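A look at the structure
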Amino acid sequence: MSNNIFKRVEAAARQAREYAFVHELRYYTPQQYDISVDADMFGDYTMLIGEKESSYIELTTEDEVVTKIIVGNKDGALVKHGEFILEGLANNFEYTLELLKQGMVNEALTAIVE
Amino acid sequence: MIVEQALTMAEQTACSTLERLLRPYVPEQYPITVSLLDKLEFRIMVGDVTGVAVELETSHRADDIVWWVRMKATGKPNIGQSIRQQHLRVDDIAPNFAQVLYLLEQEQTNLALHALCAQPGVVILEPNKGNIKL
């Protein structure tokens, strides 16, 4: 009978990584916005700042670089592909979320990569 | 830095979790040391190189299979073996640790190696002597 030792190790590591991301991103994110992180095993991950029903930023990484940015609100969303450093984007979270709240999705996409 | 910190935390958690999960299989007097070689590829040492020790390396790419083992009995040279098998995982090996460490204490290194890997279909690769089918 297998105890699935490695599956338990994988689960613990994934949980620790997600917790660490949420903890670090909290410094850049106004308190009223939720942060959720969905990480696959030591690989790529998707972070959601805010909620899709209102204003949100969604970032997807590959090999530790952000390769896809989605900014949106309840009326729609815009996508940008490229290679971005997470810290650079995180510094713009607050302003970007404010623009999204005001319905300025185009401006928000520009603001987050500036 | 955000990514690096998250990765470091995940790696530390993976190693400490593996140590904790192996502990019930290993008599209390033997330390367990786990290090990460690559993404979910571990080197696990049970015991201590100054006394008796069992060392394993796992390959995550091959679905967490143990592919290499090394053993040491006090006063004896190390024996290291690659093992080729179909389904030998840490789950299979862990229940054998206590017996293996006992055999190593008795300096029965070869018996210990077979006790560790005693699963149907396991082949210990011994290039100079021909393979041993267990």
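For the structure itself, look to the data block above.
Anyway, here's the lowdown on the structure attached to this text. Residue positions within a chain follow its written sequence, with the count starting from 1. Note on labels: chains are lettered from A, ligands numbered from 1, in written order. Confidence filtering applies because this is a predicted model: local features only for residues at pLDDT of at least 70, side-chain atom pairs given and counted only at 80 or more, and all residues used for totals across whole chains, interfaces and linings. The basis for the side-chain values is all heavy atoms of the structure; hydrogens and waters are excluded.

Attention now moves to a negative patch on the surface. On the surface, a cluster of negative charge is made up of E62, D63, E64 and E83 of chain A together with E4 of chain B. Assignment of secondary structure puts E62 of chain A in strand β3 (residues 56-62). To sort residues, take the accessible area from a 1.4 Å probe on protein chains only and compare it with the maximum for the residue type: under 20% means buried, over 50% means exposed, and anything in between is partly exposed. Exposure remark for E62 of chain A: the relative accessible area of 45% places this residue in the partly exposed category. Here the term patch refers to residues with relative accessible area over 30% and no salt bridge, with like charges joined within 9 Å and nonpolar side chains (Val, Leu, Ile, Met, Phe, Trp, Tyr) within 5 Å. All accessible areas in this document rest on Shrake-Rupley with a 1.4 Å probe, and a residue is counted as covered only by the protein chains that are shown. Whenever Lys or Arg places a side-chain nitrogen within 4 Å of a carboxyl oxygen from Asp or Glu, that contact is recorded as a salt bridge. In this tally, Lys and Arg are treated as positive and Asp and Glu as negative; His is ignored, and so are the chain termini. Where a charge lies is defined by one atom per residue type: Lys uses NZ, Arg uses CZ, Asp uses CG and Glu uses CD. Think of it this way: any DSSP run of H or I at least four residues long counts as a helix, any run of E at least two long counts as a strand, and we number them from the N terminus.

Helices are assigned an expected span. That span is 1.5 Å times one less than the residue count. The terminal C-alpha atoms of helix α1 (residues 5-26) of chain A lie 32 Å apart, and with 22 residues this matches the ideal 32 Å at 1.5 Å per residue to within 8%. Regarding α1 of chain A, the residues found buried are I5, F6, V9, E10, A12, A13, A16, R17, A20, F21, E24 and L25 of chain A.

Okay, the pairing of strand β2 (residues 45-50) of chain A next. Residues and elements named next belong to chain A. Most of β2 is tucked away: five of the six residues are buried. Strand pairing is assigned whenever DSSP identifies at least 2 bridges connecting the two strands. Note: strand β1 (residues 35-39) against β2, five bridges, orientation antiparallel. If you follow D38 over to β2, its bridge partner there is T46. Judged from the five bridges that link them, β2 and β3 form a sheet pairing that is antiparallel. Bridging across to β3, M47 finds its partner in L59. Joining the antiparallel neighbours β2 and β3 is a turn of five residues.

This part covers the nonpolar core. By size, the foremost hydrophobic cluster in this structure holds 39 residues, and its most contacted members are F42, F97 and L116 of chain B. Top element by residues in this core is helix α1 (residues 2-22) of chain B. It accounts for six residues. Discounting chain neighbours no more than four positions away, the residues touching F97 of chain B are L22, Y25, V26, V46, V54, L56 and L116 of chain B. Of all hydrophobic cores here, the second largest spans 31 residues; its members include L59, I69 and L99 of chain A together with A6 of chain B. Throughout this description, the term nonpolar core refers to a set of buried Ala, Val, Leu, Ile, Met, Phe, Trp, Tyr and Cys residues connected via side-chain atoms within 4.5 Å. Whether two residues touch is decided by their heavy atoms; if any such pair falls within 4.5 Å, the residues are in contact.

Turning our attention to the interface of chain B and chain A. Taken together, the contact between chain B and chain A spans 25 residues of the former and 24 residues of the latter. Where chain B abuts chain A, roughly 2,400 Å² becomes buried across the two surfaces, and 74% of that area is made up of carbon and sulfur atoms. The largest contributions to the chain B side of the interface with chain A come from I2, V3 and D91 of chain B, which together make up 28% of the buried area. Counting the contacts that link chain B with chain A gives zero salt bridges. Here a polar contact is recorded for every N or O atom pair within 3.5 Å, except that within protein the pair must consist of a potential hydrogen donor and a potential acceptor, and residues adjacent in sequence are included only if both atoms are side-chain atoms. For the pair chain B and chain A, the number of links is three residue pairs in polar contact (both at pLDDT 80 or more). Put simply, the parts of the chain that give the side of chain B that touches chain A at least two residues each are α1 and α2 (90-93) of chain B. It is α1 of chain B that provides the largest number of residues to the side of chain B that touches chain A, a total of 14 residues. Split into classes, the residues belonging to the side of chain B that touches chain A amount to 16 nonpolar, five polar and four charged. Two parts lose some accessible area (1.4 Å probe) when they are put together, and adding that loss for both gives the buried area. Under the scheme applied here, ten amino acids are nonpolar (Ala, Val, Leu, Ile, Met, Phe, Trp, Tyr, Cys and Pro), four are charged (Asp, Glu, Lys and Arg), and all others, including Gly, are polar.

Let's shift gears to the side chain of T29 of chain A. Tracing the backbone through its elements, the reader meets T29 of chain A in the loop between α1 and β1. Polar contacts involving the side chain of T29 of chain A include one to the main-chain carbonyl oxygen of L25 of chain A, which spans 2.9 Å.

Bringing the pairing of strand β4 (residues 65-73) of chain A into the picture now. Residues and elements named next belong to chain A. Of all nine residues in β4, seven are buried; the element is thus mostly enclosed. Where β3 and β4 come together, seven bridges link them in antiparallel fashion. Looking across to β4, one finds that Y56 is bridged to G72. Following β3, the chain reverses through two residues before pairing antiparallel with β4; D63 in that reversal takes a positive phi of roughly 50°. Of the strand pairs in this sheet, β4 and strand β5 (residues 76-84) are connected by seven bridges, and their pairing is antiparallel. Paired with K68 across the strands is H81, a residue of β5. Counted along the chain from β4 to the antiparallel partner β5, the turn is two residues long.

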